[in-house]
Structures are given as C-alpha cells and as structure tokens.
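In case you want the letters, here they are:
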Amino acid sequence: MNNNFKSCRRKLSPFSNRGLLFSVFSLAVLCFISLAAFALGMHFHGKLEHGALPWKELQEDYIGHDVPDRPAKKPRRQRFFPCEVAFRDSVDFLIEPKDFLNFTQFSLGYVETEKKASHFDAHEPKFSGHQTLEEREQSFFAVNQTIHCGFVKEAEGFPGTGYDMKEEDKRYMSACRVVVSSCIFGSSDFLRRPTSKLISEYSKKNVCFVMFVDEETLSTLSKEGNAPDDGGFVGLWKLVVVKNLPYTDMRKTGKVPKFLTHRLFPSSRYSIWLDSKLRLAADPMLIIDHFLWQTGSEYAISNHYTRHCVWEEVLQNKRLNKYNHTAIDEQFSFYQSDGLTKFDPSDPNPLLPSYVPEGSFIVRAHTPMSNLFSCLWFNEVDRFTSRDQLSFAYTFLKLKRMNPDRPFHLNMFMDCERRSLVKLFHHRELSAPPPPRMS
C-alpha cells in the first residue's frame, strides 16, 4: 500500500510542479495589471484636477449652452371622489309634485326667419341669426317676447343655416316627454352606453335617450361595432344624425344640443344633458326627483370642483390655451363693463355657491325661465367663445338683476354628487378650435 502511494506521488509530482509555477505566474501578471491601472487612474485624476471640469461644473456648462435640464416631475394631480346621493329606493312610487311647473310664467317665442336688412354689412346665413346688441339687451327680460335662440332660417334664396335632421328623427323627438341627451361630433369620443342595470324598466320605456352624431362619427362608431339597428338604436341610445353642422368649431356645434334641448324636443317637460365623456350611472327619473322635485328647482348644475371665480377660470383657460386669448379678453372685458364682479366666498347670502359650473351634467325642467336662461347662455357662447364656463355666471346674474321680482330657481349642487351619477372618461381626441368670428 505504501509502495502504491509513493508510486502515485511520483507520477503526479511533475504535473503539480508545473501547475504551481503557472499559478504563481498568473498572480504576478494580475498584480502588474492592477498596479498599472491604478497608476493610469492617478495620472488622469491629476490632469482632471488641473484642467478638466468636475461633473457639477460640466453640467452647468452644458446648461449654459441650452441643453435642457431633466424634466421636473409634474405635481401629483389632486384626486376627487364621489359622495353619496340620497336617492329614493325606487321609481315605482315617484309622483311629480302638483303644479310643479308653475314657476314664473310668461310666453316665450323664437325668431324663426330673418330677412336681409340694410344694417348688415356682410349678410351671411347664421344659425343663431343676426341679433343686435339692443335685441340682446331686451332678451334678458322675463316677459312675453320673441327672441333669438338658434335654428334661425334665412330668407328665401339663401342657403340653410345648419343642424339638419331627418324628418322621421324629428317626429321621434317631438314625442319625447323626458329626455337624456348627449352628442359626439368629429369622432371626438367613444360611445358610452348608460349602465343598463342601474336604469329602471320604467325609464327604459318612457325616457328618450338621444345621442346626436355627425356622419363622420356614425362611420367611426359603426367600424367599432356600434352600428345602429334598423330603428337607429345602439343599446338605449337613439342615434340621430345631424348634417350641415352650423359651426366649424365642433365644441361650439356641441352647444346646440347642450343648451337648446327645449328647441330640439318641443314637447319635453324634463331633460338631462351629459357630455359624451360621461357614462350615465343612475336612473334618470331618480335624478329628476332628487335635484328638481325635492328641491323645488327648475334648473340644476354642479359647481366646479376647484374654481369658483370667473377671474380664475379666465386665467386657467389662457394658461392651458383653451381658446384664442384675444377673444377671451374681449369677452371678459365686455362682462366686466356690464357689471360682472368677483365671486366673494365670504358673502353670507351669495346668489350662487360658485360662479363657475362643472357644465358637463345639467338637469332641467322646461319652464319659461329655464328655457330663457338656456337661450341666453347659448347666445353668449355664439357671440363670444365656446368656453361656456366663462359666460355662465354673467348670464345668470344679469338675468336675476334685470328681473328682481321674477325668481329663477337654480340648484347648484356639489360636484361630488355629479361624480356619483356618472363615470368619467377621457375624450378620444381634442382638436384645436379655429379662430372665432366676433359679431
């Protein structure tokens, strides 16, 4: 056994000696490389101290040559949440209050046709007509009168002013008594269907759900699987196609169904408007009961979630380039000269809890005063900018000021309540509005 062990050691000995020499040589090479690298680093370090710039100074040098900083982190957006709305348990026992619609009474007619007049320097067909400043001033009085309120036809020989619909759609709309309406023009949104399980069978049978679209939007929706059936329906929505749009600004065109529901649905008693970015998530009759009947109101709209003064709204619109700044300034200057003042949060008896609405959701009874306010607000949007939050407070306050003995019952509810009624989505796209034409 000892002889075998010695024999093995003799056989392995030459290999072990060579391996040992190789290991020693390798270690020596590694040490040499390390020392060389260290010396090289010290060499350049010395040169940096004498000639090169440290990183901080190098960064400042780049900044001095228009190299942008790293983008600062955007501040975290404030989040807003819904709050509970105390709806009745069911629509089954809802009863419209007796004489509910007997608010301020007067007869309101609408200009249907305009004749060419000599004082129009450049007469052209206009959906809103050619209202003079004197006619505008008189229209704020809640008295028996005929006012401009869109859908003005031109004299014979002139082209139409727009918002054309099929006769069968007009017949359908003229039979509606309670309406939920919205619009999509220019393919700016997806179709948001109301949450069906939250809509009562009564409302599904008795409430008209009408979505106004143009031909471009209809084509886009059809390609996305939302082609209307033979009756023009996609789910609860009845799609009504509008041709010959009255404005090139799609936002301004959208104000027609938003404000002039009483013109589009002449037999309707109540209506709910929601922007196309919203999905209805509550029963329409419960909404009407809660925001109108129980509060004795003829018009309901929520306050803005952060801004309450028109001065703030003007600055925000300009900061975000929502509209032509000159047009905004002209409108704002006009309103200030006609008595618009800043919102005073310390006022113990304010006429409104806020001068800025969140106008994406409106509930109204079609009373004379409600209809007058809707026409007046539309006329301001037509005359000035399409940013209707700029004209809301002015229109309301001027209407109240000029009719001190004729009340207008407007319910401005909390924005968190609005958020409990709908689900909010982002627009598909937002195209920049064209330069406005002032008149």
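Quick note: structure is the one above.
Residues numbered from 1 in each chain as written. Predicted model: local features only at pLDDT ≥ 70, side-chain atom pairs only at ≥ 80, totals over all residues. Heavy atoms only, no water.

Caption draft 1: Representation of the state of the cysteines. Summed over all chains, the structure comprises three disulfides. In this model Cys149 forms its disulfide with Cys375; the gap between the sulfur atoms is 2.1 Å. Negative torsions about the S-S bond denote left-handed disulfides, and the value of about -80° found for Cys149 with Cys375 makes this one left-handed. Linking Cys149 in the loop between strand S3 (145-147) and strand S4 (153-154) with Cys375 in helix H13 (residues 368-383), this pair joins segments that are 226 residues apart in sequence. Each member of the pair Cys149 and Cys375 is classed as buried. Shown here is the disulfide that connects Cys176 with Cys208, its sulfur atoms set 2.1 Å apart. Measuring handedness by torsion sign, the sulfur bridge of Cys176 and Cys208 sits at about -95° and is left-handed. (Disulfide = S-S within 2.5 Å. Helix = DSSP H or I, 4+ residues; strand = E, 2+ residues; numbered from the N terminus. Buried < 20%, exposed > 50% of the residue type's maximum accessible area, 1.4 Å probe, protein only.)

Caption draft 2: Region of interest: the pattern of salt bridges. Tallying each qualifying case throughout the model produces 18 salt bridges. Residue Arg136 pairs with Glu380 through a salt bridge whose shortest N-O separation is 2.9 Å. Of this pair, Arg136 sits in helix H3 (residues 133-138) while Glu380 is found in helix H13, placing the two residues 244 residues apart along the sequence. Here Arg136 and Glu380 have matching classes, each one buried. One salt-bridge network, in which partners are shared between bridges, spans Glu358, Asp415, Arg418 and Arg419. (Salt bridge = Lys/Arg side-chain N within 4 Å of Asp/Glu carboxyl O.)

Caption draft 3: Structural context of the nonpolar core. Counting residues in hydrophobic clusters, the biggest one holds 63 residues, and the most contacted among them are Tyr163, Phe212, Phe373, Trp377, Phe392 and Leu410. Here the element with the most residues in this core is H13; it accounts for eight residues. The contact partners of Phe392, leaving out residues within four places of it in the chain, are Ile301, Leu352, Ser354, Tyr355, Pro357, Phe373, Trp377, Leu410 and Met412. (Core = buried A, V, L, I, M, F, W, Y, C linked by side-chain atoms within 4.5 Å. Contact = heavy atoms within 4.5 Å.)

Caption draft 4: Region of interest: the packing of H13 against helix H14 (residues 392-402). The interhelical angle for the contact between H13 and H14, taken along N-to-C directions, is 135°, at an axis separation of 10 Å. The pairing of H13 with H14 is recorded here as oblique in orientation. Pair H13 / H14 crosses with right-handed handedness. In this structure, H13 contributes Met369, Leu372, Phe373, Leu376, Trp377 and Glu380 to the contact, and H14 contributes Phe392, Tyr394, Thr395, Phe396 and Leu399. Of the residues in the contact of H13 with H14, the class split is nine nonpolar, one polar and one charged. (Axes fitted to C-alpha atoms, helices over the stretch in contact; angles between N-to-C directions. Parallel < 35°, antiparallel > 145°, perpendicular 65-115°, else oblique. Left-handed = near helix turned anticlockwise from the far one by under 90°. Nonpolar A, V, L, I, M, F, W, Y, C, P; charged D, E, K, R; others polar.)

Caption draft 5: Representation of the pairing of strand S13 (residues 410-413) within the structure. By the alternation rule, side chains of S13 split into Leu410 and Met412 and Asn411 and Phe413, which are all buried. In this structure, strand S11 (residues 299-303) lies alongside S13, joined through four bridges in parallel fashion. Within the sheet, the bridge partner assigned to Tyr299 lies in S13 and is Leu410. (Pairing = 2+ DSSP bridges.)

Caption draft 6: Region of interest: the pairing of strand S5 (residues 178-184). Counted residue by residue, S5 has seven buried out of seven residues, so it is predominantly covered. Alternating residues of S5 divide into Val178, Val180, Ser182 and Ile184 and Val179, Ser181 and Cys183, and every residue in both groups is buried. The pairing of S5 with strand S9 (residues 270-274) spans four bridges and is classified as parallel. Bridge pairing in S9 places Val180 opposite Ile272. Strand direction decides the pairing type here: S5 and strand S6 (residues 208-213), joined by six bridges, are parallel. Each residue of the ladder has a partner; that of Ser181, found in S6, is Val210.

Caption draft 7: Just the packing of helix H11 (residues 310-319) against helix H12 (residues 325-337), in detail. For the pair H11 and H12, the least separation of the axes is 10 Å and the interaxial angle reads 170°. By the angle between their directions, the pair H11 and H12 is classed as roughly antiparallel. Here H11 contributes Val310, Trp311, Val314, Asn317 and Lys318 to the contact with H12, which in turn contributes His325, Ile328, Asp329, Phe332 and Gln336. Along the lines of polarity and charge, the residues of the contact of H11 with H12 split into five nonpolar, three polar and two charged.

Caption draft 8: Expanded view of H13. Helix length check: H13 (16 residues) gives 22 Å between terminal C-alpha atoms against 22 Å at 1.5 Å per residue, within 8%. By the criterion of burial, H13 is predominantly enclosed, with 16 of the 16 residues buried. (Expected span 1.5 Å × (residues − 1).)

Caption draft 9: Broad picture of the environment of Ser302. Turning to its location among the elements, Ser302 is positioned in strand S11. Under the relative-accessibility criterion, Ser302 is labelled buried at 0%. Taking the C-alpha atoms as reference points, Ser302 and Asp415, separated by 113 residues in sequence, lie 5.2 Å from one another. Beyond its immediate chain neighbours, meaning those up to four positions away, Ser302 contacts Pro357, Glu358, Phe361, Met412, Phe413, Met414, Asp415 and Arg418.

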